[in-house]
Amino acid sequence: MRLLVAAFLLLALGASALVEPVHFKDCGSAVGVIKELNVNPCPTQPCKLHKGQSYSVNVTFTSNIPSQSSKAVVHGIVLGVAVPFPIPEADGCKSGINCPIQKDKTYSYLNKLPVKNEYPSIKLVVQWMLLGDNNQHLFCWEIPVQIEG
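Residues numbered from 1 in each chain as written. Predicted model: local features only at pLDDT ≥ 70, side-chain atom pairs only at ≥ 80, totals over all residues. Heavy atoms only, no water.

A. Inspection of the overall build of the protein at higher detail. A tally of helices and strands in the protein yields one helix and nine strands. Seen in sequence order, the protein has helices and strands lined up from the N terminus as α-β-β-β-β-β-β-β-β-β. The buried share of the protein, taken over its 149 residues, is 36%. In the protein, the share of contacts with a sequence separation of at least 24, taken over all contacts with a separation of at least 6, comes to 67%. (Helix = DSSP H or I, 4+ residues; strand = E, 2+ residues; numbered from the N terminus. Buried < 20%, exposed > 50% of the residue type's maximum accessible area, 1.4 Å probe, protein only. Contact = heavy atoms within 4.5 Å.)

Right, here's the structure in full:
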């Protein structure tokens, strides 16, 4: 019986560790290619984001150009209007990327998406860009989300 319980716990823990890639719209990754996007936790789409929680964002991408720097710019798009969405760390070089970025190399960009309690309960689109030198789009993705109380 103990063996059965231990096996069940291992399976449950293993299943919770698996993260399904999120389906996204590429919104202009001009000088890079997104290989995979993960938002955790986001078991179903649109992602349900709960106020007061923070969500991890992991983007695996390949850069088509060298770049000395990278900067994240995040917006919430509500009724077609892009509203700036603050994130804890805008510097991509401090978010899992070892700068300078090299051409044809694959990177794993890691950041957090905090959902503040004062945000309204609303459906919107999150747009996340990573800009290189001269504001070139290393990646740009959009996903629909729903902020809930």
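Having seen the model, we can carry on.
B. Representation of the packing of aromatic side chains within the structure. By the definition in use, this model includes six aromatic pairs. For the pair Tyr109 and Phe139, a centre-to-centre distance of 5.5 Å together with 65° between the ring planes defines the contact as edge-to-face. Highlighted residues: Tyr109 in strand 7 (residues 106-114) and Phe139 in strand 9 (residues 137-148), separated in sequence by 30 residues. Using a relative accessible area of 0% as the deciding quantity, one classes Phe139 as buried. One aromatic cluster is present, formed by Phe61, Tyr107, Tyr109, Trp128, Phe139 and Trp141 through successive ring pairs. (Phe/Tyr/Trp six-rings, centres within 6.5 Å; stacked < 30°, edge-to-face > 60°.)

C. Just the state of the cysteines, in detail. Taken as a whole and assessed by the stated rule, the structure comprises three disulfides. Paired by a disulfide, Cys27 and Cys140 hold their sulfur atoms 1.9 Å apart. The sign of the -90° torsion about the S-S bond sets the Cys27-Cys140 disulfide as left-handed. Of the two residues, Cys27 sits in the loop between strand 1 (25-26) and strand 2 (32-40) while Cys140 sits in strand 9, which places them 113 residues apart along the sequence. By relative accessible area, which is 1% here, Cys140 ends up buried. The disulfide partner of Cys93 is Cys99, and the gap between their sulfur atoms is 1.9 Å. (Disulfide = S-S within 2.5 Å.)

D. Summary view of the environment of Thr44. Here Thr44 lies in the loop between strand 2 and strand 3 (47-50). Under the relative-accessibility criterion, Thr44 is labelled partly exposed at 48%. Expressed as a C-alpha distance, the spacing of Thr44 and Val22, which sit 22 residues apart in the sequence, is 8.5 Å.

E. Representation of the sheet that holds strand 4 (residues 54-63). Spatial strand order, 2-4-7: three strands in an open sheet with antiparallel pairing. Bordering the open sheet on either side are strand 2 and strand 7, each of which pairs with just one other strand. Averaged over all neighbouring strand pairs, the angle between strand axes comes to 20°, with direction disregarded. Where strand 4 lies against strand 7, nine bridges are found, and the strand directions are antiparallel. When the sheet's bridge partners are listed, Val57 is paired in strand 7 with Asn111. (Pairing = 2+ DSSP bridges. Axes fitted to C-alpha atoms, helices over the stretch in contact; angles between N-to-C directions.)

F. Looking closely at the confidence of the model for the protein. Mean pLDDT for the protein: 89, with 87% of residues reaching 70 or above. Every residue in residues 1-17 is under pLDDT 50, and counting partners more than four places away or in other chains gives zero contacts. (pLDDT = per-residue confidence, 0-100.)

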